[in-house]
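# Observations on chain architecture
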Amino acid sequence: MSEWYLDFVDLNHKPSKDDLICLFRIEPATGFSMKEAAGRVASESSAGTWTDLYKLPERIKKIMAVAFEIKGNYVKIAYPIDLWEKGNAPQLLSGIAGNIFGMKAIENLRLVDVSLPKVYLKSFKGPKYGIKGIRKILKVNKRPVTGAVPKPKIGYSAEEHAKIAFETWMGGFDLVKDDENLTSTSFNTFEKRIKLMAKLRDKTEKLTGERKSALLNITGETKEMIRKSELLHDLGWEFAMIDVVTAGTAAVQTLRNVCGDLGLAIHAHRAMHAAFDRNHNHGITMYFLGKIMRMIGMDQIHVGTVVGKLVGSRQEVSNVANMIKASEVKQSKEMLEQGWHNTKPMFPVSSGGIHPGLIPKIMEILGNDCVLLVSGGIHGHPKGTRQGAKAAMQAIEAAMNRISLSEYSKSHKELKLALEKWGYSTPK
Ligand code: CAP
Ligand code: MG
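If you're wondering where the values come from, they're calculated on a predicted model, not measured in any experiment. (Residues numbered from 1 in each chain as written. Chains lettered and ligands numbered in written order. Predicted model: local features only at pLDDT ≥ 70, side-chain atom pairs only at ≥ 80, totals over all residues. Heavy atoms only, no water.)

### Thoughts on the overall build of the chain
Threshold: Strands here are runs of E lasting at least two residues and helices are runs of H or I lasting at least four, both read from the DSSP assignment and numbered beginning at the N terminus. Radius of gyration: C-alpha atoms only; globule rule: 2.2 Å multiplied by the number of residues to the exponent 0.38. Burial here depends on accessible area, computed with a 1.4 Å probe over protein chains only, as a share of the maximum for the residue type. Under 20% is buried, over 50% is exposed, and the range in between is partly exposed.
Across its full length, the chain carries 17 helices and 15 strands. On C-alpha atoms alone, the chain measures out to a radius of gyration of 23 Å, which is about the 22 Å that the 2.2 N^0.38 rule sets for 428 residues. By its C-alpha atoms, the chain is 75 × 45 × 35 Å across when sized along the principal axes. Expressed as a percentage of the 428 residues in the chain, the buried residues total 56%.

### Structural notes on the site of ligand 1
Put simply, the rule is: Distances are taken per atom, and a residue is near a molecule or strand as soon as one of its heavy atoms is within 4 Å of it. Under the rule applied, a polar contact is a pair of N or O atoms within 3.5 Å (in protein, one hydrogen donor and one hydrogen acceptor; residues adjacent in sequence only if both atoms are side-chain atoms). We place a 1 Å grid over just the protein atoms. Points where a 1.4 Å probe fits but has no way out form a cavity, open points with protein on both sides within 12 Å along at least 5 of 7 lines form a pocket, and any residue with an atom within 4 Å of a point lines it. A pocket or cavity is taken to hold a molecule when more than half of that molecule's atoms are within 2 Å of the pocket's grid points.
Surrounding ligand 1, one finds 16 residues, the nearest of these being Lys153, Arg270, His302, Lys309 and Gly353. Histidine 269 has a polar side-chain atom sitting 2.8 Å from an oxygen atom of ligand 1. Within the side chain of serine 351, an N or O atom sits 2.8 Å from an oxygen atom of ligand 1. In this structure the site holding ligand 1 corresponds to the largest pocket.

### Topic: the sheet that holds strand S1 (residues 20-28)
Threshold: Note on pairing: DSSP must find at least two bridges between two strands before they are called paired. We call two residues contacting when some pair of their heavy atoms lies within 4.5 Å. The axes used here are C-alpha line fits, helices contributing only the stretch in contact, and every angle between their N-to-C directions lies in the interval 0 to 180 degrees.
Pairing is mixed in the open sheet, where five strands are placed in the order S2-S3-S1-S4-S10. Unpaired on one side and paired on the other, strand S2 (66-71) and strand S10 (283-284) mark the two borders of the sheet. Examined bridge by bridge, strand S4 (residues 106-115) and S10 share two bridges and lie parallel to one another. Along S10, the bridge assignment pairs arginine 110 with glycine 283. Here helix H1 (residues 34-44) sits on the sheet and contacts S1, S2, strand S3 (74-79) and S4; the angle it forms with S1, its principal contact strand, is near 135°.

### Some points on the sheet that holds strand S15 (residues 371-373)
One closed barrel accounts for eight strands, arranged S5-S6-S7-S8-S9-S11-S14-S15; its pairing is parallel. Averaged over all neighbouring strand pairs, the angle between strand axes comes to 25°, with direction disregarded. As paired strands, strand S8 (residues 239-243) and strand S9 (residues 265-269) are joined by five bridges and run parallel to one another. In the strand pairing of S9, alanine 240 is matched with isoleucine 266. Contacts between helix H5 (residues 158-170) and the sheet are confined to strand S5 (145-148), strand S6 (175-177) and strand S7 (213-217), with S6 contributing the most and set at about 145° to the helix.

### Structural notes on the packing of aromatic side chains
Threshold: Any pair of Phe, Tyr and Trp rings, taking the six-membered ring for Trp, is counted once the centres come within 6.5 Å. Such a pair is stacked with planes under 30 degrees apart, edge-to-face with planes over 60 apart, and tilted for the rest.
In this structure the tally under the stated criterion is four aromatic pairs. A centroid spacing of 5.0 Å and a plane angle of 55° characterise the contact between tryptophan 4 and phenylalanine 8, whose relative ring orientation is tilted. Each member of the pair, tryptophan 4 together with phenylalanine 8, is buried. Plain terms: the ring middles of tryptophan 169 and tryptophan 237 are 6.4 Å apart, the flat faces sit at 25° to each other, and that makes the pair stacked. You can see tryptophan 169 sitting in helix H5 and its partner tryptophan 237 sitting in the loop between helix H7 (222-234) and S8, a full 68 residues away along the chain. For the pair shown, tryptophan 169 and tryptophan 237 are each scored as buried.

### Looking at unusual backbone geometry
Omega for the bond connecting lysine 151 with proline 152 falls within 30 degrees of zero, at 5°, which places this linkage in the cis form. Within the element layout of this structure, proline 152 appears in the loop between S5 and H5. Of note, lysine 139 is a non-glycine position whose phi angle comes to about 55°, a positive value. By secondary structure assignment, the location of lysine 139 is in the loop between helix H4 (130-138) and S5. Phi at asparagine 342 takes a positive value of approximately 70°, unusual for a residue other than glycine. Within the fold, asparagine 342 resides in the loop between strand S13 (338-339) and strand S14 (347-351). Asparagine 342 gets classed as exposed once you look at its relative accessible area, which sits at 76%.

### Quick word on the packing of H5 against helix H6 (residues 190-208)
Our working rule: Angles are sorted into four bins: roughly parallel if under 35 degrees, roughly antiparallel if over 145, roughly perpendicular if 65 to 115, and oblique for all others. Crossing chirality is assigned from the near helix's rotation relative to the far helix, an anticlockwise turn below a right angle marking it left-handed and a clockwise turn marking it right-handed. In this count, Pro and Cys sit with the nonpolar residues alongside Ala, Val, Leu, Ile, Met, Phe, Trp and Tyr, while Asp, Glu, Lys and Arg are called charged and the others, Gly among them, polar.
Contact geometry of H5 with H6 gives a least axis separation of 9 Å together with a crossing angle of 25°. Between H5 and H6, the interaxial angle falls into the category roughly parallel. Like other packed secondary-structure pairs, H5 and H6 cross with a definite hand, here right-handed. On the side of H5, the interface is formed by Ala158, Glu159, His161, Ala162, Lys163, Ala165, Phe166, Trp169 and Met170, while H6 contributes Lys192, Arg193, Leu196, Met197, Leu200, Arg201, Lys203, Thr204, Leu207 and Thr208. Looking at the contact of H5 with H6, its residues break down into 10 nonpolar, three polar and six charged.

### Observations concerning the domain arrangement of the chain
Quick reminder of the rule: Residue ranges assigned to the domains are those given by an automatic or database domain assignment. Buried area: the accessible surface (1.4 Å probe) lost by two parts on joining, summed over both. The salt bridge criterion pairs a side-chain nitrogen of Lys or Arg with a carboxyl oxygen of Asp or Glu, the two atoms within 4 Å.
When its domains are assigned, the chain resolves into domain 1 (6-121) and domain 2 (130-422). Placing a centre on the C-alpha atoms of domain 1 and another on those of domain 2 gives a separation of 35 Å. Taken together, the contact between domain 1 and domain 2 spans 28 residues of the former and 29 residues of the latter. At the boundary of domain 1 with domain 2, total buried surface from both sides reaches about 2500 Å², with 57% on carbon and sulfur atoms. On the domain 1 side of the contact with domain 2, Arg110, Asp113 and Leu121 bury the most area, a combined 26% of that side's loss. The tally of links from domain 1 across to domain 2 stands at two salt bridges. Lysine 291 is the salt-bridge partner of aspartate 113, the closest N and O atoms lying 3.0 Å from each other.

Okay, here's the thing in structure tokens:
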């Protein structure tokens, strides 16, 4: 068979400053060399096909991707900027995260990172608010922002849901979040929930003098998301929440535009990410997902907890959290150089199996610039949601003042009860 895959490999090639550079980890299938596998990835993700052609205009050679570095299983591929439509995230994924995952000549393929050149990055909006903007909205200066999802995940009526929100806010939390699978159901419609919650938000703000808000889940068909984001705006809400993987990058881009015009910040839930990032040999890293979501312009995104109920090593979680906050990232084994060119930093969100006993550890990993979602870990408190939220706020105070939880719990009864129930355990 006459192939031209090796035309996509040139280990002497020097990428230009406007190229997108991708870092892949490739395991070739039996019978294929690394070069043959790398050439296939570069070809199928850019301007190739499986056989040589009768005719190939010279011009096309200028947009062929080039595998220019192979180190063990790590391969770097340079993609000329002209391959890409500016401001089109789905197109980018169709190329560098598309057919290549299914090629027979490749046993396993991992898209590790992509380095986005300034000219491409700047064709997307980036976050509207970012960390500083959200801190300003919520009037929370230094400590982590706090939030909770009413639990169980789905099942409460809108009235019950709003009452739990009230208790959560009254316990000192800033945010109440919808769960990823709660949108608008017969027993808890979006409209009713956000109306009832808005009333109780106003009441809590009056009672406490604090800012209170919510991350309300608009995930759905794109036009329906637009309609729901308008409803949120009309009721004075500041955030829309989107399950960004299930909704898809096209919808997420549209909503970044719409929410931006309405002044809404966007909370990105990552449900379904583990379908492609959990197996370290194949798929797409959470690091890459975090990066394109910052590029598109989410204000905050779930990154994991390390010590909570879901997978994600300390290294993985802190790499993602650091990258979405950084102004620049230096190259290392599994990360490419990335300048962010004034793109605002995003808030990393830690959620999933958190209770007060785990809070200092999470703050040690993520620092104070994070959103802590403590849900089961407040609603399961022996005295209920409000006391549970107080216990979590006390754990944050203790960590901010570098006092051990056992010491702080001597004078803080809510924290004491939480520690008696959960201790410092990691839920599974
Ligand atoms: C947390 C959560 C979040 C997960 C998502 C849940 O609840 O609401 O969806 O944390 O994971 O349903 O599990 P709990 P991640 O606090 O009660 O565990 O943030 O890692 O993407
Ligand atoms: Mg959830």
